[in-house]
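Coordinates in review
In case you want the letters, here they are:
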Amino acid sequence: MIVERSDIDRKLEQTYVLILGGGRGTRLFPLTKERAKPAVPVAGKFRLIDLTLSNCLHSNFDRIFILTQFNSDSLHRHISQTYRFDHFSRGFVQILAAQQTQENTDWYQGTADAVRQSLRRLIRHTPQNVLILGGDHLYRMDYRRLLQSHMEHDADVTIGVLPVEYHRCKEFGILQVDENARIVSFQEKPDNPEDLDRLRVPPDVFEDNRIDGKGREHIASMGIYAFRTEALFKALQENKQPDFGGDIIPSLLSKMRVFAYFFDDYWEDIGTIRSFYQANLALTDVKPVFNFYDENWPIYSRPRFLPATKINEASVRSTIISDGAIVSGAVIRNSVIGLRGIISEQAQVIQTV
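Below or above, wherever it landed, is the structure these notes cover. (Residues numbered from 1 in each chain as written. Predicted model: local features only at pLDDT ≥ 70, side-chain atom pairs only at ≥ 80, totals over all residues. Heavy atoms only, no water.)

Now for the packing of aromatic side chains. If you walk through the whole model with that rule in mind, you get 15 aromatic pairs. An angle of 65° between the planes, with centres 6.5 Å apart, marks the rings of Phe61 and Tyr143 as edge-to-face. Placement of Phe61 in the loop between helix H2 (48-58) and strand E4 (63-68) and of Tyr143 in helix H5 (residues 143-152) is noted, with a sequence separation of 82 residues between them. Both residues of the pair, Phe61 and Tyr143, belong to the buried class. On the basis of an interplanar angle of 45° and a centroid distance of 5.8 Å, the ring pair of Phe227 and Phe244 is categorised as tilted. Within this pair, whereas Phe227 is found in strand E11 (residues 218-228), its partner Phe244 is found in helix H9 (residues 244-252), the two being separated by 17 residues in sequence. Among the residues examined, Phe227 registers a relative accessible area of 0% and is labelled buried. Taken together, the ring pairs in this structure connect Phe46, Tyr266, Phe290 and Phe292 into an aromatic cluster. Between the NZ or CZ atom of Lys45 and the centre of the ring of Phe46, over which it lies, the distance is 5.9 Å. Between Arg140 and the ring centre of Phe290, over which it is positioned, the NZ or CZ distance is 4.7 Å. (Phe/Tyr/Trp six-rings, centres within 6.5 Å; stacked < 30°, edge-to-face > 60°. Helix = DSSP H or I, 4+ residues; strand = E, 2+ residues; numbered from the N terminus. Buried < 20%, exposed > 50% of the residue type's maximum accessible area, 1.4 Å probe, protein only. Lys NZ or Arg CZ within 6 Å of the ring centre and 35° of its normal.)

Okay, structure coming up:
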């Protein structure tokens, strides 16, 4: 089924977005000591959630709920000070904080449980589709293309997938698809060689999706789900398990039309201290793999109205220095300096965030 662009535009108004605010973020401690994972800084002046929200706004998705629970004060403050729509727009970015109710006295137990507990607040809007995203990933994606694929396949569920090398499979949920990109098998973080052999994707499937699969024979879930709304309600009511990846998605493969949407560009899960440092320091490269300077797809964030950075007789190379910083007589190499950073004389800052 070929879907016209005007059909996509109409579907945009009937699609709502749920962004998952993340759990405790223990692997990112101490960065998450007093903030939620999506509020962790990136590239000096942004927050992680700015990437996902910018993708939504560039894709013309402007009806957005953010599900939060742990250490959410700074995230709430950032959202309320940054994402405001004019009075004549129907768009919104609304926080849905975890709360105890007469029906449920538990906090969110996982990704699926967070969405399940929020359905009663979503049902009043009666959207046709629901796009579920993570708030702690670094990537650019036009979600309209995913929605178009979702419609062309007449899918109940569409999952964003990323080609990965064999040695990285144990980090992700790995999917197997047929020649039509319909998902036939799903396994969370497999490390058994027999399972990995079974989950290999045929080379022609990569070719059909215009992807060079050389060196990459598996596809991993990106934690991006497009659901037909009735399918989402049914899935969460019939299966009370807490997570999408390990629980809900595998149970749907034999009951619903579940398809993959192939994405082959930079994508990074900022889930550990190591990945946080590696992703930030990679931004200091002369030609970084992820470009914050793309004029056609800018990343939005809170306007702070700070003065320009001031540098006094310093030696600086391959470094990002944010607004309001003052650098005096220091040596800085391959580093990211945050907002209002003060670097004094004789300091040496090397490969540091």
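Two elements in contact, H2 and helix H3 (residues 73-82), have axes separated by 11 Å at closest approach and are oriented at 40°. Of the possible angle classes, the one that applies to H2 and H3 is oblique. As for how H2 packs across H3, the hand of that crossing is right-handed. Across the interface between the two elements, Ile49, Asp50 and Leu53 from H2 touch Leu75, His78 and Ile79 from H3. (Axes fitted to C-alpha atoms, helices over the stretch in contact; angles between N-to-C directions. Parallel < 35°, antiparallel > 145°, perpendicular 65-115°, else oblique. Left-handed = near helix turned anticlockwise from the far one by under 90°. Contact = heavy atoms within 4.5 Å.)

What follows deals with the pattern of salt bridges. All told, the structure shown has 12 salt bridges when counted by the stated rule. Notably, a salt bridge pairs Arg63 with Asp62, separated by 3.9 Å at the nearest N-O pair. Taking the relative accessible area as the measure of exposure, Asp62 reaches 25% and is therefore partly exposed. With its nearest N and O atoms 3.3 Å apart, the salt bridge here joins Asp156 to Arg228. With Asp156 in the loop between H5 and strand E8 (157-164) and Arg228 in strand E11, this residue pair connects regions lying 72 residues apart in the sequence. Each of Asp154, Asp156 and Arg228 takes part in one network of salt bridges that share partners. (Salt bridge = Lys/Arg side-chain N within 4 Å of Asp/Glu carboxyl O.)

Another aspect to go through is the sheet that holds strand E20 (residues 342-343). Spatially, 3 strands are ordered E14-E17-E20 in an open sheet, and the strand pairing comes out parallel. The open sheet has two edge strands, strand E14 (310-312) and E20, and neither has a second partner. Note that E14 and strand E17 (residues 326-328) share 3 bridges and pair parallel. The residue bridging Lys310 from the neighbouring strand is Ile326, located in E17. (Pairing = 2+ DSSP bridges.)

In terms of burial, E8 is a largely internal element, 8 of the 8 residues being buried. Looking at chain direction, E8 and E11 are connected through 7 bridges and run antiparallel. Bridge pairing links Ile159 to Tyr225 in E11. The sheet contact formed by E8 and strand E12 (residues 258-262) spans 5 bridges and is parallel. By the bridge assignment, Gly160 is partnered in E12 with Tyr261.

Let us now look at the environment of Tyr261. Summarising the element assignment, Tyr261 is placed in strand E12. Assessed through its relative accessible area of 13%, Tyr261 is described here as buried. Along the chain, Tyr261 and Pro307 lie 46 residues apart, while their C-alpha atoms are 43 Å from each other. Excluding residues that lie within four positions of it along the chain, Tyr261 makes contacts with Met141, Arg145, Leu146, Ser149, Thr158, Ile159, Gly160 and Val161.

What follows covers the side chain of Ser149. As for its position among the elements, Ser149 is in helix H5. In this structure Ser149 comes out as buried when scored by relative accessible area, which is 10%. Excluding anything up to four places from it in sequence, Ser149 contacts Ala260 and Tyr261.

A few words now on the sheet that holds strand E18 (residues 331-333). Taken in spatial order, the 3 strands of this open sheet run E15-E18-E21, and their pairing is parallel. Of all the strands in the sheet, the pair left with one neighbour each is strand E15 (315-317) and strand E21 (348-350). Looking at each pair of strands side by side, their axes are set apart by 5° on average, direction ignored. Bridge count between E15 and E18: 3 bridges; the pairing is parallel. Across the sheet, the residue bridging to Val316 is Ile332, located in E18.

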